[in-house]
Amino acid sequence: MIAQQYVLPTGLTLAGFSLALWQDDKPIVLCTHGWLDNANSWLPLFLALEQNSWASAYNWLALDFAGHGDSAHRSADAHYHHTDYVFDLYALIQSQQWQSVILLGHSMGGIVSSSLASVLPQTIAQLICVEAMGPLCGAEKTTVEQMQNAFSSRMS
């Protein structure tokens, strides 16, 4: 495994690891982790991939979301919202000028990846979700109550 770090245009540093040396001519498989987890959850898969010759046709990258693993934390006044994680991946892909990305997301990583795929359809070649159903939502009539609960929770 090879440690990787990316400084986003926002100044935030995201970290992770790749399976092998990066080769610009290969498609990217970007692996995102679940809630309260980190990129190391992909280690068993990466170790298995080392034994498979077909895996060398791709650049494999397991990435820590902001505030997880080896990635930087946001400022003390910031929060860790779904949209922020989507934007971080968007900024990463745009700043690196990646053209063909396969998203492989587990749980929260799958939810974030599915949102990202909707805003970058020209760049996302495939979306693979493991134990992820998509962003959670509720009935329209509960929006105000949801916001009140969210603000109350944040205040406490």
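Report follows, based on the coordinates. All values reported here derive from a predicted model rather than from experimental measurement.

**With respect to the nonpolar core**
The tendency in soluble globular proteins is for nonpolar side chains to be buried side by side.
Phase 1 of the analysis: Formed by 25 residues in total, the largest nonpolar core has its most connected members in Leu30, Ile93, Trp98 and Val101.
Phase 2 of the analysis: Only β3 (28-32), β4 (59-63), α2 (82-96), β5 (101-106) and α3 (108-119) provide two or more residues apiece to this core.
Phase 3 of the analysis: Among the elements that line this core, the one with the most residues is α2, at six residues.
Phase 4 of the analysis: Non-local contacts of Leu30, meaning those with residues more than four positions away in its chain, are made with Leu61, Leu63, Leu89, Ile93, Val101, Ile102, Leu103 and Leu104.
Phase 5 of the analysis: Of all hydrophobic cores here, the second largest spans 13 residues; its members include Phe17, Cys31, Ala55 and Ile102.

**As for the side chain of Asp88**
Phase 1 of the analysis: With respect to the helices, strands and loops of the structure, Asp88 is situated in helix α2.
Phase 2 of the analysis: By relative accessible area, which is 4% here, Asp88 ends up buried.
Phase 3 of the analysis: Among the polar contacts made by the side chain of Asp88, one reaches the side chain of Arg74 at a distance of 2.5 Å.
Phase 4 of the analysis: The residues touching Asp88, leaving out its near neighbours within four places in the chain, are Leu8, Leu12, Leu14, Ala66 and Arg74.

**Some remarks on the pattern of salt bridges**
Phase 1 of the analysis: Taken as a whole and assessed by the stated rule, the structure comprises one salt bridge.
Phase 2 of the analysis: Among the ionic pairs, Asp88 bridges to Arg74, the shortest N-O distance being 2.5 Å. With Asp88 in helix α2 and Arg74 in the loop between β4 and α2, the pair connects residues that are 14 residues apart, well separated along the chain.

**Re the pairing of β4**
Phase 1 of the analysis: A large share of β4 lies buried, amounting to five of its five residues.
Phase 2 of the analysis: A two-sided burial pattern is seen for β4, the buried positions comprising Asn59, Leu61 and Leu63 on one face and Trp60 and Ala62 on the other.
Phase 3 of the analysis: Of the pairings in the sheet, the one linking strand β2 (residues 13-18) to β4 comprises three bridges and is antiparallel in character. Across the sheet, the residue bridging to Ser18 is Leu61, located in β4.
Phase 4 of the analysis: The pairing of β3 with β4 spans five bridges and is classified as parallel. Its bridge partner lying in β4, Ile28 is registered against Asn59.

Reading the values: the criteria
Residues numbered from 1 in each chain as written. Predicted model: local features only at pLDDT ≥ 70, side-chain atom pairs only at ≥ 80, totals over all residues. Heavy atoms only, no water. Core = buried A, V, L, I, M, F, W, Y, C linked by side-chain atoms within 4.5 Å. Buried < 20%, exposed > 50% of the residue type's maximum accessible area, 1.4 Å probe, protein only. Helix = DSSP H or I, 4+ residues; strand = E, 2+ residues; numbered from the N terminus. Contact = heavy atoms within 4.5 Å. Polar contact = N/O pair within 3.5 Å; in protein donor to acceptor, adjacent residues only side chain to side chain. Salt bridge = Lys/Arg side-chain N within 4 Å of Asp/Glu carboxyl O. Pairing = 2+ DSSP bridges.

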